[in-house]
Amino acid sequence: MSTATTSQPLNSRSRVITASLVGTTVEFYDFYVYATAAVLVFPHLFFPSVSETAGLLSSFAVFGAAMVARPIGAAVFGHFGDKIGRKATLVASLLTMGIATFLIGVLPTYDAIGIVAPLLLLILRLAQGFALGGEWSGAALVATENAPAGKRALYGTFPQLGAPIGFIIANTLFLALNVALPSGHDGASDAFMSWGWRIPFLFSAVMVIVGLWVRLKLVESDAFTKAEKKGEIKKAPLGYVFKKYWWQLILGTFFMLATYVLFYLMTNFTLTYGTAATDAATPGLGFSYTHFVLMQVFGVVFFGVFTLVSGPLADAIGRRKLLIWITLAIIALGLVYTVFLLPRESEAFMGALVQTFLIFGFSLMGMTFGPMGALLPELFPTSVRYTGSAIAYNVSSILGAALAPIIALELWKAAGGNPWLVGIYMSGAGVLTLIALLLGKETKDVDLDAS
């Protein structure tokens, strides 16, 4: 196998790190703002004519619809990313995401315009998914194509850090608003339900301006410039990647499956289950929203730390070997799900178990998500790298993220409020990822400049 490239990057280390980190932080912040509102706000404001459970399912369905739009965004942004370059494509994806999120913040509710409100919410949610479909792979390519020799996985963790940082900012802001505004019905304040929930969406505009300022300073990657000079740019990257690299697309999709299922169970489902009343039709743990979000935010700190830890490890021992061990741990965590997540007589003991679960789960999330920033781009040559990595990453979002919240809710209901079936679901996703990893090859020494 050829050795890693040693060519001198055109972008400075600080510029690469900042551009890949800031952009994905903005993108994931926007995405998580919706995820939080899908649990806390939208069932009441956009789907009030149905039951509480049906409203939550409808809200999650709109949340999942964005995952369906992500492969379309991957194909479109991937096409332009492989045709005209990474920089312009990344700027366009960031603008699309920011505008859609801002418009959700000014959207009239069901009480104001009726059925049009959830339809508009769906359209803007699809726009969010479309934008995120092109964001991640472009940021990963900026990081990895400009990485020094032997440090590609480390650099690849910087766009991955946007996920935990965006989560913490979005949920902390929602939490601060929910605490600060006068209390009212359903555990959320009247002022918060009236206008306070819009602030995080509107705040996105400020973050987008910062992200654009950083990304406009980027210089096109050396790998893309070389491919362009050699005449290797494809007229139809999408068709070419499906024709020549279909196996890599399949492997990359299933590499990500356990990561997606784990993350959306750790965030959306656990928030719903953890805050559901113990005497509800489908009982939960009965934590207050504020208490549980604080527990999640603390857990996500471990997500960020272990994302960074995973980079040097993946550079040292290889992406495949590291991910095989982490995937085995994910399977094991799913099998002991109920050890941590069943109601207990002692609220303090139950809280300690749940917090331990969140720490374990988010730590594994960092270890499995971190290497993906290098692994997926390494599966494809420069001429189709944006398209290939984006398709694999985002098709997996349908199989993992789009279905995970809905499947988890149904399994939770089917077991009468016991989450053991949800744990089996997590383990099953881990088994599929493990099979893909065993069928794949190590990529850490692949030359990104090679045709």
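Residues numbered from 1 in each chain as written. Predicted model: local features only at pLDDT ≥ 70, side-chain atom pairs only at ≥ 80, totals over all residues. Heavy atoms only, no water.

## Considerations on the overall build of the chain
Then, number 1: Counting its secondary structure elements, the chain contains 22 helices and zero strands.
Then, number 2: The C-alpha atoms of the chain give a radius of gyration of 21 Å, which matches the 22 Å a tight globule of 451 residues would have.
Then, number 3: Within the chain, buried positions represent 59% of all 451 residues.
Then, number 4: When the accessible surface of the chain is summed, it comes to about 16,400 Å², and 70% of that surface belongs to carbon and sulfur atoms.
Then, number 5: In the chain, 27 positive and 23 negative side-chain charges are present, and the distance between their average locations comes to 12 Å. (Helix = DSSP H or I, 4+ residues; strand = E, 2+ residues; numbered from the N terminus. Rg over C-alpha atoms; globule rule 2.2 N^0.38 Å. Buried < 20%, exposed > 50% of the residue type's maximum accessible area, 1.4 Å probe, protein only. Areas by Shrake-Rupley, 256 points an atom, 1.4 Å probe, with all protein chains shown as cover. Lys, Arg positive; Asp, Glu negative; His and termini not counted. Charge placed at Lys NZ, Arg CZ, Asp CG, Glu CD.)

## Brief notes about the environment of E145
Then, number 1: Along the chain, E145 turns up in the loop between helix 6 (116-144) and helix 7 (152-160).
Then, number 2: Between the alpha carbons of E145 and A404 there is a distance of 32 Å; along the sequence they are 259 residues apart.
Then, number 3: The residues touching E145, leaving out its near neighbours within four places in the chain, are R86, S221, A223, F224, T382, R385 and L448. (Contact = heavy atoms within 4.5 Å.)

## Considerations on the packing of helix 13 (residues 246-255) against helix 22 (residues 420-439)
Then, number 1: Where helix 13 meets helix 22, the axes come as close as 8 Å, and the angle between the chain directions of the two elements is 140°. The angle between the axes of helix 13 and helix 22 places the two elements in the oblique class. Relative to helix 22, the crossing made by helix 13 is left-handed. Of the residues in helix 22, those in contact with W247, L251, F254 and F255 of helix 13 are L432, T433, A436, L437 and L439.
Then, number 2: Residue composition of the contact of helix 13 with helix 22, by class: eight nonpolar, one polar and no charged. (Axes fitted to C-alpha atoms, helices over the stretch in contact; angles between N-to-C directions. Parallel < 35°, antiparallel > 145°, perpendicular 65-115°, else oblique. Left-handed = near helix turned anticlockwise from the far one by under 90°. Nonpolar A, V, L, I, M, F, W, Y, C, P; charged D, E, K, R; others polar.)

## Regarding helix 11 (residues 222-229)
In an α-helix, one turn spans 3.6 residues, which is why side chains three or four residues apart end up on the same side.
Then, number 1: For helix 11, every residue scored as buried is listed here: D222, A223, F224, T225 and A227.
Then, number 2: Looking one or two residues beyond helix 11, the residue adopting positive phi is G231, at roughly 75°.

## A look at the confidence of the model for the chain
Then, number 1: A residue-level look at the chain finds 94% of positions with pLDDT of 70 or above and a mean pLDDT of 87.
Then, number 2: Confidence drops under a pLDDT of 50 for residues 1-7, and excluding neighbours within four residues, the segment shows 19 contacts in the predicted structure. (pLDDT = per-residue confidence, 0-100.)

## Quick notes on the packing of helix 15 (residues 289-317) against helix 18 (residues 347-369)
Then, number 1: Contact geometry of helix 15 with helix 18 gives a least axis separation of 6 Å together with a crossing angle of 30°. The orientation of helix 15 relative to helix 18 falls into the category roughly parallel. In the packing of helix 15 onto helix 18, the handedness of the crossing is right-handed.
Then, number 2: A breakdown of the residues in the contact of helix 15 with helix 18 according to their chemical character gives 16 nonpolar, eight polar and no charged.

## Comments concerning a nonpolar patch on the surface
Then, number 1: Residues W246, W247, I250, V431, L432, I435 and L439 make up a contiguous nonpolar surface patch of roughly 660 Å² in combined accessible area.
Then, number 2: Of all the elements in the fold, those that place two or more residues in the nonpolar patch are helix 13 and helix 22.
Then, number 3: When residues in the nonpolar patch are grouped by element, the largest group, four residues, is from helix 22.
Then, number 4: Structurally, I435 can be placed in helix 22. (Patch = residues over 30% accessible without salt bridge, like charges linked within 9 Å, V, L, I, M, F, W, Y side chains within 5 Å. Salt bridge = Lys/Arg side-chain N within 4 Å of Asp/Glu carboxyl O.)

## Things to note about helix 6
Then, number 1: If you check helix 6, its first and last C-alpha atoms are 43 Å apart, about what 29 residues at 1.5 Å a residue would give, namely 42 Å.
Then, number 2: Within helix 6, 21 of the 29 residues are buried, which leaves the element mostly enclosed by the surrounding structure. (Expected span 1.5 Å × (residues − 1).)

## Points about the nonpolar core
Then, number 1: Counting residues in each nonpolar core, the largest one holds 122 residues, and the members touching the most others are F42 and W197.
Then, number 2: Sort the elements by how many residues they give to this core and helix 1 (residues 13-40) lands first, with twelve residues.
Then, number 3: With sequence-adjacent residues up to four places away left out, F42 is seen in contact with Y34, A37, F47, S59, I104, L121, W197 and F201.
Then, number 4: If you look at the next biggest cluster of nonpolar residues, it comprises 15 residues, including F77, L90, V142 and Y386. (Core = buried A, V, L, I, M, F, W, Y, C linked by side-chain atoms within 4.5 Å.)

## What about the pattern of salt bridges?
Then, number 1: Enumeration according to the criterion identifies nine salt bridges in this entry.
Then, number 2: Between R86 and E145 there is a salt bridge whose closest N-O contact spans 2.8 Å. With R86 in helix 4 (residues 86-105) and E145 in the loop between helix 6 and helix 7, this pair connects stretches of sequence that are 59 residues apart. The two residues R86 and E145 agree in class, both being buried.

## Things to note about the packing of aromatic side chains
To describe a pair of aromatic rings, you give the distance between the ring centres and the angle between the ring planes.
Then, number 1: Per the counting criterion, the structure on display carries 28 aromatic pairs.
Then, number 2: Seen in terms of ring centroids, W136 and Y393 are 4.0 Å apart; in terms of plane orientation they differ by 0°. Their pairing is stacked. Of this pair, W136 sits in helix 6 while Y393 sits in helix 20 (residues 385-402); the two residues are 257 residues apart in sequence, bridging distant segments of the chain.
Then, number 3: For Y393, a relative accessible area of 2% corresponds to the buried category.
Then, number 4: Taken together, a centroid distance of 5.8 Å and an interplanar angle of 50° make the contact between F287 and F292 tilted. Just as F287 is buried, F292 falls in that class too.
Then, number 5: Among the aromatic residues, those joined into a cluster by ring pairs are W136, F167, Y260, F263, Y264, F303, F362, F369 and Y393.
Then, number 6: In this structure, K234 is placed above the aromatic ring of Y240, and the distance from its NZ or CZ to the ring centre is 4.4 Å. (Phe/Tyr/Trp six-rings, centres within 6.5 Å; stacked < 30°, edge-to-face > 60°. Lys NZ or Arg CZ within 6 Å of the ring centre and 35° of its normal.)

## Details of the side chain of T270
Then, number 1: Along the polypeptide, T270 turns up in helix 14 (residues 257-275).
Then, number 2: You can call T270 buried: its relative accessible area is 2%.
Then, number 3: For T270, the side chain forms a polar contact with the main-chain oxygen of M266, separated by 2.4 Å.
Then, number 4: Looking at T270, its side chain comes within polar contact range of the main-chain oxygen of T267, at 3.4 Å.
Then, number 5: Those residues in contact with T270, other than ones at most four positions away along the chain, are L265, F292, Q296, Y337, F357 and L358. (Polar contact = N/O pair within 3.5 Å; in protein donor to acceptor, adjacent residues only side chain to side chain.)

## A short note on the side chain of E135
Then, number 1: Position of E135 among the secondary structure elements: in helix 6.
Then, number 2: The class for E135 is buried, based on a relative accessible area of 0%.
Then, number 3: Here the side chain of E135 touches R215 through a polar contact of 2.6 Å, side chain to side chain.

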